[in-house]
Structures are given as C-alpha cells and as structure tokens.
Amino acid sequence: MPPKKRSSGTPQKKELKGNMKSGSPDSSDNTVLLTPERHKDKESAFVCLSEELQVTNATCDHAWRIWEKEIRPMDKANMPYSYRQLWGACLFVAGIEGDSTSLTFTEFQKVVGLSVKQFSSLVRKMDVNVDTISPKVDIAVTRLEKKYDVTMALYQRFVKTCEKIFAEPDKAKRKELLESSWTMFLLAKGTFLQMEDDLVIAFQLLLCVLEFFTKRCMPSELQSPYKSAVSASTLSPPTRTSRRNPGKAKPRPPVMDMQLLETLCKEGDCNVDEVRNVYQSTFCAFLDSVGFSGLQELPPMETISKQYEELYHKNRDFDARLFLVDDETLSPNKTEVTKVEMTPRKNQYEEDVIFPVPQTPIRAAMNSIHQLRVDLNSTSDQPSSNLQVYFKNCTVDPSEDITKRVEELSQVFSQRFAQAAGQRCEGLGGKRFSLGVQLYNKVMESMLKSEEKRLSVQNFSKLLNNAVFHTSLLACALEVVLATYVGNSLKNGGFGRGCGASDSTETDLCFPWILDVFKLHAFDFYKVIESFIKAEPTLKHDIMKHLEHCEHVIMESLAWRADSPLFDHLRQSREEGPGEQAEPPATLNQPLHHNHTAADLYLSPVRPSRQPPATEVEPPAPGGRPPRSNSLSLFYKKLYRMAYLRLKMLFSHLLTSHPELEPVIWTLLQHTLQNEYELMRDRHLDQLIMSAMYAICKVKNVDLHFKTIVTAYKKLPNTNQETFKHVLIRDGQYDSIIVFYNLVFMQRLKTNILQYSSPRPPPLSPIPHIPCSPYKNSPLRVPGSNNVYVSPLKSRMSPVVMTPRSRILVSIGESFGSADKFQKINQMVSSTDRSLKRSLEGGSTPKPLKRLRFDMDGQDEADGSKTSGESTLIQKLAEMSSTRTRMQEQKLKEESVKEHPET
C-alpha cells in the first residue's frame, strides 16, 4: 500500500544551500545537483531515484560505491527490502556523510517508501560489514529514533487526554481542536525546547497548550471535570475578533486558569508548580513570539500550520503532524502499538489480585518523579538541625563554605541547564537543583550518622571541610534527580571523539553531563557512589542500576581521561614499590569484602588501610610503609572484576571450544592494566580486552580474526561502535582498533605476548572472585512454600558454539528417550560447527586506512601473515566431535541412573 500523499511530502526541486562539508572524494561536486549524463555507468533506476531525491553528483557517486561494495553482495534473505528502498538508504547515508541532504526526512520517506522504524532497522542491517555506517550516520539515526520515540509517546498521551477533555457531538470541531492544539504544541516544542528527548518538559509544555485551547472552548464542547474546572470568566463565550484584521484586538497577557491547570496536572500525574513554571517561562514567551498573547479566541489553524511548516523544512525533520492522520511513514512496530496508556486491572475472578500492566514512558516518568518528591517531602534544601550540630562539632566549622559552594554551583547548574534545555528553562533547572540539594542534605546526614556509629566520634572536620567530597555528593544527588526526570540512558560514557565529546552540541543532560558542569573528575565522583546507595534506602531499583552503570562507565573510560587524578595515584603507587600495587594479583580470587566508606575514600591515603589481612601480599617491610591508598585499591578491585566479566562475556560468544585460553587472555589483560596502565589513557577498557583476545589467539595459532571479534562485540549490551572505530593512536590521532593493535598495543606488549608461545609461559593470574551484585534480583520464595524459589528468567540464546554440557537442555522429570534423540543431537553439533566455520572464514574487501580494515582470503588483517588451509580452530572441532559424543552418552547414562528429582 503506497504512502498517503501530502503537499508537504512532495519534493520540489530547489537550490542547495552552501556551507556543505566534503564527505567524499568528489568534494568539488558536493554542491552541484545531479547531472544524469555523468552517471551512465550506474543503473538507470538508481540514477532516477537520485534525481528524485535531489542529491548531488558526489552523493550519487558515494552512494553507488556503498551499494556496489557493501550492500549488493549481502544476503538478501536478511534484507527484506526492495532495491528502491536499499538504494534510498545508501543515498541517505552518503548524504549525511557529505552534509548534502536537500529534502526533509519525510520527503525522503515518501519517495523511498519507508517508515521511521523500517528505515532505522535497514540502516542497522546495512552495517553487517561493521564499517559501512560511519559514527556520523549512527549519531544521526540515533537522534532520529530518540525524537520519534519521544514524539510518539507524547502523541499517544495527547490523544488519550483529548478524549477526556473534548466532547463528541461535533466531530468536525473536535478534529479541528486536535489538529490545532497538536500543531501548536509541535511549534512550541520545536521553537523553545532544544532537548528533543526530554520527555518530562515536553509533556509539561503539552499540558500548557491543552490549557490554552480548553479554556477557549464553549461549555458544550467539554466533558467533565474540565467543564466545571474552567472558571466562570472563561466559560462565557469568547469574543470572536476578525481573523482578517486580528491586530485591532488589544493584546492582553495570557492568564493561567489555575483550576483548569490543576485538573490537567492531576490527570497527567504532573506537578502543578513545575507546569506553572513552564507556562510562565516558556509558553508565555512562545505566545508572544507568534502573536497569540492577547488572543481570546481559538488561534487560526492556517497560521500555526504555516509556521510549523517553515520550522519542519528548516530542520529537515520528519513531519510530526502526520501522526494525526496515522500516516504510514510514522507507523510504529506492531509491538509498540500496544503501548497505549493503560492502568492496572483487577482479575475478574479474584477481586483482591491486581495484575500490573506495562507503563508507558510518560506514566513511568511521572510515577518516578512523584516517588522522589514523596521521599524528599520531609527534607529541606537547608541543612537540618542534626547537620548543623555536626558542623558545629568540627574543629573548623564548614557551614559557611558549604552554603557558599551550594550557591555558586546553583548558578552554574541553572545556566548550563538552560544552555542544554533552552534559555527559557533556567527556572526549571533551579527547581531540579533544589531537589538535588534536598537529597544531598538527606544523604549527608545519613552518612554522618553511620560514621558516628561506626567510629564513635562526632568531629568530622577533615571530611566536612573537603570540597571534593561535597561537590561529588551534590553531583551524585543531582544525577539521581536528572535520571529520574530525563531517564537513565547514558550518553557515550564520555568516550567519544577525544574522550570528552566536547565537540558535540550540549543538549543531553545524561551522565556524565553533571561532571562537566561541576568540573569534577570522574575518579573523585566514583568514590561516593557506593556509600550514596547505602545511605539512601529509598532509591528505586532502576536508579540504583543507573548509578551502578555510571560507576561502570567511569571504570571503563571516564576515569582514564588524560587529566584524571587516577594517573597520579598510580604513579605514586609505582614509586612506592611492587608491594604497593594498585591491587595485588594474589588477592583477586578473594571475595570483595570491604568496610570503606566515603570518608575513607576521600581522605585516603591519610588513614591506614582497614583491609582484611588476607589482602596483603606480603608482611610490612621493616620500618613500615606509607599508608596505602584505599580509593585506588578498591577501584582496582572493582575494575578487575568488571574487566573479567566483560572478557568472559565476549569469550562466550567466540571461544567456548577453547576454554584453556580464557585464563591466558585474562593474565595478559590483568598484566596490562597493572603494569601498562598508560595504554588506558584516553582509551576504553574494551579496546584492551579485544586486543588481548586477538593477541593470545594469534600466538596460540587459533584462527580468530578481528572482524569476528568486533562483530560479536557489537551484539553485547551497552557497547558503542566508536569504541572500535575511533581509537586513540597518538597525539590526538584516531583510527580503527586494528591500527591501535598494530602500532600501539602489540608494540608495547610484544615481549610479554610472545612468552605465551614458549614452553615455559608466565604464571597465570588468579580469576577474580565475582560476588553477587547488590543490584541484581535475588531468587524469591514462592508464597505458601518452604523451599521453592523462583529466579529471574535467564536467556536461552546460545553462543555460536556451546559447551558439551550446555548443548542439551533437559527438563526435570523427563527421560531422554530413544537413541534417535542422540542422532538429532549429533546433527545439531555438526550444524553448529559448520556455522562457526562459515562465520570465522568469512571476509570482506580490504578498506583504506581510514576505514576499518578486515581480512580477506586468509590474509590476517593485523600483521599481514597468511593462514594455511583449514583453520586450527576448525581442525580442533573436528577432532573433538567424536570424543564429545562419547562423553555425552556416558554422562547421560550415569545421570539417568543417579538422578531421581523430587517433585
């Protein structure tokens, strides 16, 4: 079914604007519209499509190269799209890379015939060769997906709210109200809000728009309680001024109908004070800008639509008005259609049982904000009497410094918030900062009470006069507030171009935004996270997970920025001798037990370590040693455990048939983190993990290519393609992870790597003890039973090669049946082995240095060597096949005799 036609969706030929950057070798033609005669070497249908999409000659050439080298050879079974759609995606990618797009995204969709979701899915599938899609295109598509998801959630809630406000009698009038109010909201949002993914502020602005329209309706056009909520003054029929000459009406400043606004906020679970702030600071300014401030009637639809049309073409965006007509270009996936606003329902048989229903993003955000406000209801943004007592008990009273610091940071926060969200949102930034200060005071008091109980002292002068501690604690409290409002999705973890992402427009409040605002080092912020969680028991599970995620991002990249104090700690630790390593290898297999608090970490190494004796590698040297850095020791304990878990996850997707390699790879990685930590400067932990895995496989003659490693890495959670496409080489120069391996990693560690091929390799490092995360769900006891527990469902997705034990999934109480089942199992094993062989032997065309180069025809992309014949890995699999079958049969016979599971 072809997409519906609209005037705004019909592309018109026009001259391209200047200021276009070169994105392809044919930069001289990057501003010249397509000349069909120049492209006779291409398929005519492709050239015609290029002409329809008004691309330049350079874009057409670049798109054709993508098609010929990357997309045409792909397996079309995994690409259920027409040639026209595939060509369109190639032209879009080339246009983004060359900054030469002319049409709006909706116009592009109309020509090619793709919805937003279909398009984003297609672009992701195009990246099968890993380096087809550049980071620039990836950012553009991610931005598009975010904006679409937020706008769709807002539209669904808009429709639901309007169904409760406007009466049904006059359907034409109701349709006009919906079109006008939704278009005005889109215009206001696009004009005054910079953050396209801030769901909360956008929803609050939507309520302001609905208030504006509702109070201008006749009583017969409204339903209860909105009919009674509108005040007597606004219920009287509005004066209809002439639309031909609206300037004659004397403009009056817009006045909020508080009763109506409170009704809307109650329906939307929204805080009235915050919506009123948005109304006064943002919505009133918008009304002034479009000349509607003194308007006493419904605004003319033509004016609103024309202004939005200009904004939409300026941004070259998707036309969000098409949600009103259920246009195919904005159709969601089938699974998302069910995300309509719903409330829990009672079971028709058991009145006391309530079944939870998945919440929409808006409902979930409003519930989280409400819960945060309830938790802080009894807390002030001024220090409590208990805190003041602690301050007075200090040798040096910190009260004045604390007050001054909070005031200064308040100004900085509000200004930067306005820069990110929009200049009219500074007041909202102040409101969120106030909530953060409340949480800051609450957690600080809880921490001091715990310290007093633990140490039996009341003088915390050193801690309370530590500026970094206070800034970190306040930053953590604000991160909780921001995550509650904005959502807990992270940015690039601060690991983008230059490891600072300073070249991107600041329109994202997600972590690590707060660190940049407060000019706070990630390593200092990390010290407060665990103590913060322990001191605030009311934190929701998703917020605790968010803080844990922040901790992981710090350990994997942020703490390793070039200016991080972590390097000073490591250098001092190295100077103190081998006995003062950041984390002795001999302690890795011991549980992560520690009683360090924020006070220990921020004052470290002033105090002697309180580590259990078992963590010391050797007895103290004669004459004693300087106090050991608790903050550094604990950081490395957590770093090693996280690094091992990351390695193990990637290993399970690639090398399960070589379990003997896991401890060897881990030993190389652990050695690198401990002794060659400079390799982490402005880099990412995962870059070292992938490099260590490749190095050991190479020296052990296991056939594993970088392309295979990177392809598996892309499938892991919380990964970013810039991690392997944009790696620091030297002096601000970046390239792929393969270039990093060749020029940096291998050169630095060559001697150590080669030791693993000798008959006497270095001793293996112990495997870190992996404790149960306090953030994970524990098994729950089934009510009414004594010893029956239910654990969270584990994924049954298997890696490419499964271990002999995990190949067979048996239900308790079932028999294995006849020998036919063993034959099927063997067939499965052989099929899996063949699929592994195909995945490891596949290759792609070599790329220039600026692209991510992978192997081809046995050519190893990292060192230029050739592989001989069948890979070592495949040979090993063949040798193990019959042995594995015999082991399985023997084990199954033994278990069938021994096991008698209880019911």
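Residues numbered from 1 in each chain as written. Predicted model: local features only at pLDDT ≥ 70, side-chain atom pairs only at ≥ 80, totals over all residues. Heavy atoms only, no water.

Would you mind going over the overall build of the chain in detail, with residue names and values included?
Counting its regular elements, the chain contains 33 helices and six strands. Across the 903 residues of the chain, 51% fall into the buried class. Sequence separation of 24 or more characterises 75% of the internal contacts of the chain that already satisfy a separation of 6 or more. Accessible surface, the chain as shown: approximately 43300 Å² in total, 53% of it carbon and sulfur. (Helix = DSSP H or I, 4+ residues; strand = E, 2+ residues; numbered from the N terminus. Buried < 20%, exposed > 50% of the residue type's maximum accessible area, 1.4 Å probe, protein only. Contact = heavy atoms within 4.5 Å. Areas by Shrake-Rupley, 256 points an atom, 1.4 Å probe, with all protein chains shown as cover.)

Summarise the packing of aromatic side chains; cite the residues concerned and give the values.
We describe a pair of aromatic rings using the distance from one ring centre to the other and the angle between the two ring planes. The tally for this structure, following the rule as stated, stands at 45 aromatic pairs. With a centroid separation of 5.6 Å and an interplanar angle of 75°, the aromatic rings of Phe 212 and Phe 213 are classed as edge-to-face. The burial state of Phe 212 is the same as that of Phe 213; both residues are buried. Arranged with centres 6.3 Å apart and planes meeting at 50°, the rings of Phe 740 and Phe 745 form a pair that is tilted. Of the two residues examined, Phe 740 and Phe 745, each falls in the buried class. Grouping aromatic residues by their ring pairs yields a cluster made of Phe 523, Tyr 526, Trp 560, Phe 567, Phe 635, Tyr 636, Tyr 640, Tyr 644 and Trp 666. Across from the ring centre of Phe 212, 3.7 Å away, lies the NZ or CZ of Arg 216, which sits over that ring. One residue, Arg 681, lies across the ring of Phe 567, its end atom 3.8 Å from the ring centre. (Phe/Tyr/Trp six-rings, centres within 6.5 Å; stacked < 30°, edge-to-face > 60°. Lys NZ or Arg CZ within 6 Å of the ring centre and 35° of its normal.)

Pulling in residues and values, what's your account of helix H28 (residues 685-699)?
In this model, H28 (15 residues) spans 22 Å end to end at C-alpha, consistent with the 21 Å of a helix rising 1.5 Å per residue. In terms of burial, H28 is a largely internal element, 14 of the 15 residues being buried. Of the residues one or two after H28, Asn 701 is the one with positive phi, at around 60°. (Expected span 1.5 Å × (residues − 1).)

Could you give me a rundown of the packing of helix H11 (residues 258-267) against helix H12 (residues 272-290), with the residues and numbers involved?
Where H11 meets H12, the closest approach of the two axes is 10 Å, and the angle between their N-to-C directions is 120°. For the element pair H11 / H12, the angle class is oblique. The crossing of H11 and H12 is right-handed. Across the interface between the two elements, Met 258, Leu 261, Glu 262 and Cys 265 of H11 pack against Val 272, Val 275 and Arg 276 of H12. Here the contact of H11 with H12 is composed, by residue class, of five nonpolar, no polar and two charged. (Axes fitted to C-alpha atoms, helices over the stretch in contact; angles between N-to-C directions. Parallel < 35°, antiparallel > 145°, perpendicular 65-115°, else oblique. Left-handed = near helix turned anticlockwise from the far one by under 90°. Nonpolar A, V, L, I, M, F, W, Y, C, P; charged D, E, K, R; others polar.)

Go over the pattern of salt bridges, please, and point to the residues and values.
Where charged atoms from two side chains of opposite charge approach closely, those side chains can pair. Under the counting rule described, the total for this entry stands at 36 salt bridges. Residue Glu 211 is joined to Lys 215 by a salt bridge in which the shortest nitrogen-to-oxygen separation is 2.9 Å. Between Glu 676 and Arg 748 there is a salt bridge, with the nearest N and O atoms lying 3.1 Å from each other. Here Glu 676, found in the loop between helix H27 (661-675) and H28, pairs with Arg 748, found in helix H31 (residues 737-755); they are 72 residues apart in sequence, far enough to count as distant. One continuous salt-bridge network, built from bridges that share partners, spans Arg 38, Asp 41, Lys 42 and Asp 61. (Salt bridge = Lys/Arg side-chain N within 4 Å of Asp/Glu carboxyl O.)

So what about helix H17 (residues 399-421)? Which residues, and what values?
Its 23 residues place the ends of H17 32 Å apart at the C-alpha level, agreeing with the 33 Å of an ideal helix rising 1.5 Å per residue. Every buried residue of H17 is accounted for by Ile 402, Arg 405, Val 406, Leu 409, Phe 413, Ser 414, Arg 416, Phe 417, Ala 418, Ala 420 and Ala 421. Downstream of H17 by one or two residues, Gly 422 has phi in the positive range, about 135°.

Let's hear about the side chain of Glu 97: which residues, and what values?
Residue position: Glu 97 is located in helix H3 (residues 83-97). Given the relative accessible area of 16%, Glu 97 is considered buried. A polar side-chain atom of Glu 97 sits 2.4 Å from a polar atom in the side chain of His 62. (Polar contact = N/O pair within 3.5 Å; in protein donor to acceptor, adjacent residues only side chain to side chain.)

Now, about the pairing of strand E3 (residues 727-730): what can you tell me, with residues and values included?
Of the pairings in the sheet, the one linking E3 to strand E4 (residues 733-735) comprises three bridges and is antiparallel in character. Of the residues in E4, the one forming a bridge with Arg 730 is Gln 733. Taking the residues that link successive antiparallel strands as the turn, the E3-E4 hairpin has two residues, and the phi of Asp 731 there is positive, at about 45°. (Pairing = 2+ DSSP bridges.)

Any details on the state of the cysteines? Residues and values, ideally.
Here a disulfide denotes one covalent bond, and it connects the sulfur atoms of two cysteines. Under the defined criterion, the tally for this structure stands at zero disulfides. Not engaged in a disulfide, the cysteine Cys 162 finds its nearest cysteine sulfur in Cys 217; these two sulfurs lie 9.8 Å apart. The closest cysteine sulfur to the non-disulfide-bonded Cys 284 is located on Cys 208, 8.2 Å from its own sulfur. (Disulfide = S-S within 2.5 Å.)

Describe the environment of His 549, and please don't skip the residues or the numbers.
Here His 549 lies in helix H23 (residues 541-556). The spatial distance from the C-alpha of His 549 to the C-alpha of Phe 511 is 9.7 Å, given a sequence separation of 38 residues.

Got a sec to walk through unusual backbone geometry? Specific residues and values, please.
Glycine aside, residues mostly have negative phi angles, and peptide bonds mostly take the trans form. Omega for the peptide link from Ser 224 to Pro 225 comes to 5°, which places this bond in the cis form. Following the sequence through the fold, Pro 225 ends up in the loop between helix H8 (199-214) and helix H9 (226-229). Residue Pro 512 is reached from Phe 511 by a cis peptide bond, and omega for that bond is 15°. Turning to its location among the elements, Pro 512 is positioned in the loop between helix H20 (467-486) and helix H21 (513-518). Although it is not a glycine, Ser 456 adopts a positive phi angle of roughly 55°. In this fold, Ser 456 is placed in the loop between helix H18 (426-455) and helix H19 (461-464). By relative accessible area, Ser 456 is classed as exposed at 64%.

So, the environment of Thr 106: which residues are in play, and what are the values?
Here Thr 106 is to be found in helix H4 (residues 105-112). Taking the C-alpha atoms as reference points, Thr 106 and Asp 317, 211 residues apart in sequence, are found 6.8 Å from one another. Each residue touching Thr 106, except ones within four places of it in the same chain, is listed here: Tyr 312, Asp 317, Phe 318, Asp 319 and Leu 322.

Explain the environment of Asn 718 to me, and be specific about the residues and the numbers.
With respect to the helices and strands, Asn 718 occurs in the loop between helix H29 (706-714) and helix H30 (722-725). Residues Asn 718 and Val 553 lie 165 residues apart in sequence; the distance between their C-alpha atoms is 9.8 Å.

Which residues make up the packing of H17 against H20, and what are the values?
When two helices pack together, their arrangement is given by the angle between the helix axes and the distance between those axes. Two numbers describe how H17 lies on H20: the axes approach to 11 Å, and their chain directions differ by 45°. With respect to each other, H17 and H20 are oriented oblique. The way H17 lies across H20 gives a crossing that is right-handed. Contacts from Ile 402, Arg 405, Leu 409 and Phe 413 of H17 reach H20 at Ala 467, His 470, Thr 471, Leu 474, Leu 478 and Leu 482.

Any chance you could break down the confidence of the model for the chain for me, citing the residues and the numbers?
The predicted coordinates ought not to be read in detail in places where the model reports low pLDDT. Chain-level pLDDT for the chain is 76 on average; 68% of the residues reach the 70-or-more range. Between residues 1-28, whose pLDDT stays under 50, and residues either more than four places distant or in other chains, the model counts 56 contacts. A low-confidence stretch, residues 897-903 stays under pLDDT 50, and its non-local contacts, those more than four residues away or across chains, total two contacts. (pLDDT = per-residue confidence, 0-100.)

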